[in-house]
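# Observations on the three-dimensional arrangement
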Amino acid sequence: MGLSFKGNSVRTMFFYMFFFLLLTTGSAFSSVIMPFSLHKDFVQNRAAEMEIHLIDNEARPMENALIQIGDAPGVPFADNQMITNASGIATVSIPEIAFDQELSVTISAHGFAHVTFSGKIDSTHVGQHKFSLQIHRHRDFSDIRTVTGKFSGWPQGVSKSRVEIGLFLPSFNVETLVGFDLGNLISPRMEEISVAGRTVQVPVNLVLPTQSKRYGIFPIRLSKPNFNIPLDAQMQNRFLGAAGSLPMRKLVNLAQKKDYLSIMNLVEFTRIGYTDMQFVEGNPNMPISLSTRLVQKKLENKVANFPSGLDLVAMSLFDPDTTLQTLLPVDIKAAKNPALTGHMQLAFPENARLESDAYVFNAAVEQRQLTQDLIEDLNFSAALTAVTWNGSKFEVTESEFLPLVHLGEADVNARVFPFAIAVAPTLGAVPTTRATPTQAEYFVFNLYSIAKNAGEKTQLRRVIWSAIVPSSAQEVRLPDLGRGGGISMPEMAHPQTFYWEVVAIRRNMSHNGGSGWDSTVSLRNLRQVSHARKKLTLP
């Protein structure tokens, strides 16, 4: 279903549109919009007007941006390709059209990602004609800053047979959960250290305090006291350090297989420390004091409609200030049993109020994602649920999974990207039948590139085009912006690989007080996501 424009919510809704351009940039915003529906004033008056005020990521008016409105994606109305003036304003005329007819609005500007919004006219609400829209420019490697630091306050008295280990992590927000990637927990970027005379690669966000341990009868010295991780410039977030230990022998065996998730599965996390909200500026040093004790809590974790052929990753999250702006990832456990019903152990801060501050993110991921660095074709489904106290034990509200999204073969020249959702939640070929539209409220499409800077051991994800389409859609058809029908890929000095993805999103309506549809998706009402990614073959 589409989102209705209700009074002043028009401005709010379009203000949040730019989130989808940030879905993969790592910037810290916490709201996602629904696809739009135009209000009845647009169809009661022939040539009704809609005023658009466009600004860039620094809130400056954007001149010479193209705004295209059509009665179908890629099919503009006559005279409805408008250019913003020096104040970033364009006035667009909407002709008289029938209710329930789909419209598309596309915004494009040089140096910025395109964005297309598709929806149907809603005849039940009247709103304002003026709204603001902010979009963000393409990123490059100059936007990345290297954050370094050490942990202090390590636990004492750790056995010689156990390795002390820590992770540096940004806190999670709605974007990182919607686009969940194990790389957000275990960095795919590697750093070389020396272990027993051999060179070993370890994730850059991993910390090993200088320590002397034993592997059988052999003494081994380990040392990687600093984390050293690239992050987006001007990224505002909380940052977390988590520390624990695991058996030395098991660490060696799993590290040889590069199975870092299984390593995290064995770590008994005992301490965390975290910062207040802060910006990433310059190339900052960010020391973390491990001042908060963690305790293991036995929870009853319940899941439903788990997709077959996948493994489950359960992550405990903590809301440090009860505002649900950000969540701290405290512990992670992977289970080979996809049912995962009954009790499990997850760590939480000692002072956490589990009945109000604690959450569990259950993600169904492909088995190969647990051990491989880069998965070109990816499927996962996930749910964010609260921890509750039933009077005798802690339990996790049942996590119900959306069916998996399946991607078809894209036709880049025709700008068509087909997808479908299976009625039965299983992996396999693209199904011929679809789930009911209520299973997902809307879909987000992203076409993006990944470029690698080998010299700086960094990689950059840059969105080329985003589209938001209703839950009834079975494909994304991008508009033709006058470039001969093709899609213009951004130029970069570094080699690029191109991908496309579709994300199904469903919200938890219980947080809206029964007053109608909320215009945003936040951590407070995010319920379920289903995500598919595929490498794009260019002609």
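A brief look at the structure comes next.

Take the overall build of the protein next. Check the secondary structure of the protein and you find 7 helices and 37 strands. Within the protein, the fraction of its 539 residues that count as buried is 55%. Counting contacts in the protein only where the partners sit at least 6 residues apart, residues at least 24 apart contribute 71% of the total. Total accessible area on the protein is roughly 22,100 Å²; 48% of this is exposed by carbon and sulfur atoms.

A few words on the packing of aromatic side chains. Per the stated rule, a full pass over the model turns up 13 aromatic pairs. Ring centres of Phe 168 and Phe 227 lie 4.0 Å apart, and the angle between their planes is 5°; this geometry places the pair in the stacked category. Of this pair, Phe 168 sits in strand S12 (residues 162-170) while Phe 227 sits in strand S17 (residues 226-232), and the two are 59 residues apart along the sequence. The pair Phe 168 / Phe 227 is uniform in exposure class, with both members buried. One aromatic cluster in this structure is built from Phe 151, Trp 154, Phe 168, Phe 227 and Phe 239. Arg 461 extends its terminal NZ or CZ atom over the ring of Tyr 448, reaching a point 3.4 Å from the ring centre.

Considering all chains together, one arrives at 13 salt bridges under this definition. Across the salt bridge formed by Glu 191 and Lys 224, the nearest N and O atoms sit 3.7 Å from each other. Separated by 33 residues along the polypeptide, Glu 191 in strand S13 (residues 190-195) and Lys 224 in strand S16 (residues 218-224) bring together distant segments of the chain. Residues Arg 293 and Glu 350 are paired through a salt bridge, measuring 3.7 Å at the closest nitrogen-oxygen approach. Here Glu 350 lies in the loop between strand S26 (343-349) and helix H7 (354-357) and Arg 293 lies in strand S23 (residues 292-304), a separation of 57 residues in the sequence.

Thresholds applied
Along every chain, residues carry numbers that run from 1 in the direction the sequence is written. Since the coordinates come from a predicted model, pLDDT governs what is reported: local features require at least 70, and pairs of side-chain atoms require 80 or more to be given and counted, while whole-chain, interface and lining totals use all residues. Only hydrogens and water are set aside when side-chain values are computed; all heavy atoms of the structure are taken into account. A helix here means a DSSP run of H or I that spans at least four residues, while a strand means a run of E at least two residues long, and both kinds are numbered starting from the N terminus. Think of it in three bands: residues with accessible area under 20% of the maximum for their type are buried, residues over 50% are exposed, and the middle band is partly exposed, with areas taken using a 1.4 Å probe on protein chains only. In this description, contact between two residues means that some pair of their heavy atoms is separated by no more than 4.5 Å. Exposure was quantified through the Shrake-Rupley algorithm and a 1.4 Å probe, taking into account, for residues, occlusion by the shown protein chains and nothing else. When the centres of two rings from Phe, Tyr and Trp lie within 6.5 Å, Trp using its six-membered ring, the rings pair. Their planes under 30 degrees apart give stacked, over 60 give edge-to-face, and anything left gives tilted. As a reminder, the over-ring test applies to NZ of lysine and CZ of arginine, requiring each to be within 6 Å of the ring centre and within 35 degrees of the ring normal. Within this document, salt bridges are pairs made up of a side-chain nitrogen of Lys or Arg and a carboxyl oxygen of Asp or Glu, the two lying within 4 Å of each other.

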